[in-house]
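Single-letter residue listing:
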Amino acid sequence: MSTATASTNKAKLSLPGRPEVELPVMVGTEGEHAIDVRALRDQSGYITYDDGFANTGSCSSNITFIDGEKGILRHRGYRIEDLANDSIFLETAYLIIYGELPSSKDLSKFRGRIASSASVHESMRHFFEGFPDSSHPMAILSAMLNSLGCYYPEMTSHKKQLDENHFDWAAALLISKVRTLAAMSYRTKRGLPFVYPRWDLRYAANFLHMMFSEPYRDYNPKPEVTDALDLILLLHADHEQNCSTSTVRMVASSGANLFASVSAGVSALWGPLHGGANAAVIEMLEEISASGDDGHKAIEAAKKGERRLMGFGHRVYKNYDPRARILGEAAKRVLISMGIQDPLLEIAQHLEQAALSDDYFISRKLYPNVDFYSGIILRAIGIPVDMFPVMFAIGRMPGWIANWREVASNPKMKIHRPRQVYTGRTERDYVPIEKRGE
Ligand code: CMC
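Being a predicted model, the structure only gives us computed values, none of them experimental.

Some remarks on the sheet that holds strand β6 (residues 78–79)
Alright, step 1. The antiparallel open sheet is built from 3 strands, whose spatial order is β4-β5-β6. With one partner strand each, in any of the chains shown, β4 (64–67) and β6 form the two edges of the open sheet.
Alright, step 2. Where strand β5 (residues 72–75) meets β6, 2 bridges bridge the pair, whose relative direction is antiparallel. Bridged to R74 within β6 is R79.

Some words on unusual backbone geometry
Alright, step 1. Phi at F53 is positive, roughly 55°, even though this residue is not glycine.
Alright, step 2. Among the secondary structure elements, F53 is positioned in the loop between α1 (40–44) and β4.
Alright, step 3. One non-glycine residue, K365, adopts positive backbone phi at about 55°.

What to know about the nonpolar core
Alright, step 1. Residues L145, I175, L181, F207, L309 and I383 are the most contacted members of the largest nonpolar core, which totals 118 residues.
Alright, step 2. Every residue in contact with I383, bar those within four places of it in the chain, is listed here: F207, L208, M211, F212, L378, F388 and M391.
Alright, step 3. In this structure, L15, L23, V25 and L40 belong to the second largest nonpolar core, which totals 6 residues.

Focus on the domain arrangement of the protein
Alright, step 1. Entries for the protein in the domain assignment read domain 1 (5–73) and domain 2 (85–421).
Alright, step 2. A straight line from the C-alpha centre of domain 1 to that of domain 2 covers 31 Å.
Alright, step 3. In this complex, domain 1 contributes 20 residues to the contact, which on the side of domain 2 involves 20 residues.
Alright, step 4. Contact between domain 1 and domain 2 buries roughly 1,600 Å² in total, counting both sides, with carbon and sulfur atoms accounting for 61%.
Alright, step 5. Applying the counting rule to domain 1 against domain 2 returns 0 salt bridges.

Thoughts on the sheet that holds strand β3 (residues 33–35)
Alright, step 1. Strand order in this open sheet of 3 strands is β1-β2-β3, and the pairing throughout is antiparallel. Taken across any chain shown, the strands that pair with only one partner, and hence form the sheet edges, are β1 (5–13) and β3. Adjacent strand axes in the sheet meet at a mean angle of 30° when their direction is disregarded.

As for the side chain of D50
Alright, step 1. Residue placement: D50 occurs in the loop between α1 and β4.
Alright, step 2. Look at D50: it is buried, it has no salt bridge, and the nearest opposite charge is R315 at 6.8 Å.
Alright, step 3. A polar atom in the side chain of D50 sits 3.4 Å from the backbone nitrogen of A54.
Alright, step 4. Beyond its immediate chain neighbours, meaning those up to four positions away, D50 contacts N55 and T56.

Some details on the site of the ligand
Alright, step 1. Of all residues adjacent to the ligand, which total 17 residues, the nearest are H274, R308, L309, G311 and R315.
Alright, step 2. Take N369: an N or O atom from its side chain is 2.9 Å from an oxygen atom of the ligand.
Alright, step 3. Considered on its own, the ligand offers 940 Å² of accessible surface; in the complex 73% of this is hidden by protein.
Alright, step 4. Looking at the shell around the ligand, its residues break down into 8 nonpolar, 5 polar and 4 charged.

Things to note about the pattern of salt bridges
Alright, step 1. According to the stated counting rule, one finds 21 salt bridges in the structure shown.
Alright, step 2. Between E286 and R379 there is a salt bridge whose closest N-O contact spans 3.1 Å. Taken together, the positions of E286 in helix α12 (residues 277–291) and R379 in helix α17 (residues 371–381) put the pair 93 residues apart, joining distant regions of the chain.
Alright, step 3. Under the relative-accessibility criterion, E286 is labelled partly exposed at 36%.
Alright, step 4. Assessed through its relative accessible area of 29%, R379 is described here as partly exposed.

Points about the packing of helix α3 (residues 89–98) against helix α7 (residues 164–189)
Alright, step 1. Relative to each other, α3 and α7 sit at 140°, their axes nearing to 12 Å. Taken as a pair, α3 and α7 cross one another with a handedness that is right-handed. On the side of α3, the interface is formed by L90, A93, I97 and Y98, while α7 contributes F167, D168, A171 and I175.
Alright, step 2. Looking at the contact of α3 with α7 residue by residue, the class counts come to 7 nonpolar, no polar and 1 charged.

The rules behind these values
Residues numbered from 1 in each chain as written. Predicted model: local features only at pLDDT ≥ 70, side-chain atom pairs only at ≥ 80, totals over all residues. Heavy atoms only, no water. Pairing = 2+ DSSP bridges. Helix = DSSP H or I, 4+ residues; strand = E, 2+ residues; numbered from the N terminus. Core = buried A, V, L, I, M, F, W, Y, C linked by side-chain atoms within 4.5 Å. Buried < 20%, exposed > 50% of the residue type's maximum accessible area, 1.4 Å probe, protein only. Contact = heavy atoms within 4.5 Å. Domains from an automatic or database assignment. Buried area = accessible area lost by both parts, 1.4 Å probe. Salt bridge = Lys/Arg side-chain N within 4 Å of Asp/Glu carboxyl O. Axes fitted to C-alpha atoms, helices over the stretch in contact; angles between N-to-C directions. Lys, Arg positive; Asp, Glu negative; His and termini not counted. Polar contact = N/O pair within 3.5 Å; in protein donor to acceptor, adjacent residues only side chain to side chain. Near = heavy atom within 4 Å. Areas by Shrake-Rupley, 256 points an atom, 1.4 Å probe, with all protein chains shown as cover. Nonpolar A, V, L, I, M, F, W, Y, C, P; charged D, E, K, R; others polar. Left-handed = near helix turned anticlockwise from the far one by under 90°.

As structure tokens, then:
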């Protein structure tokens, strides 16, 4: 495992009325520099303040590298463009979790574990009956993933670290069952009978089978459709310390088990600024289309701060998100292969061009992100909008698992417990509490 090296350089900090503080500088394997502030409070009484953590490295990690200025994304050293071209979701998932691309023997073992874990315990079906029709599938998914842990006590014991064999099974089981539970949440909401997984189908095809087959008719998607879904999952597989992955790591840092940690990840992912953005993009495009706007009004409203262009902007990318470029091309291909003409694709392309030539977006370095085009593909496949963030969650599972493992297997890991700058009332003059309001 590679680690950050300590540089011989030190950062020096002058604080009023205190001796100068010297802080070590760390250098990552890609040359990123960080000031190690762990001793700052002990030495000076000061803490650092970084609302939204935009300047804070919360960990060192070996999994994913992003250079947002250059638009680079690599998993374990492999460029996302190469993985998207030359690997499938399960190979990239394996790479993210285990650090190396699988040999054909590794892959068939991994596939075997995933295939044999696809069904859920029959008693879990009853949980689904308790949810009202209005339930959001992300709420169901988060609850179900946490409940899943109840069936595997050997994988959820309070030991901080799972042994190798249990981890291998837990990882495959989650990658497999998140897909089954997602399809079950879709069918519950629509009052449809559950469809059992099939042994003979590949990952994406099996998901579509559990979503759309009927007892009297098997759903047989075109290979272009299953390939497009596989690509979407692959492109979502990990993205370093984003909101949901940071949540998974934070929950894991208390010693919580893998199931509880990824369930929290689903909740964090749900919001419209994160994994919910793919659904928000389609809602925005539909609204633009219904109002007869060609996108200009939406752009003007965004510039006045009245709305955000969903699927635009990113905390880390200050250049084109490489995943958005791949998906933009894929969206065109999939629609052509399915013979679909979606007016929303035209609006999206128009919006992209208009925004990329507008000073507001140029000066703020706002480019389309991964969510901008994924929804167009999911819509063409027939996935309903409320399931879009669920698709993100299925794709992100390998990243959550790998990050959970980094935390759980680190004997020096400390519980994540940030500090704050308190801005509330200071101590009041004591008035007996029972006399308040007199
Ligand atoms: N539309 C219009 N203006 C924007 C947008 C947008 N989508 N995003 C940022 N800005 C403006 C923002 O108003 C601010 O302007 P000013 O400097 O004048 O105040 C400036 O750009 C910087 O914005 P910020 O909110 O400080 O940036 P952030 O890094 O905190 O937020 C973001 C990143 C992704 C939450 C934000 O860009 C956003 O809300 N985008 C829309 C939602 C979205 O597409 N989310 C998916 C992200 S990618 C998938 C994932 O990993 O979750």
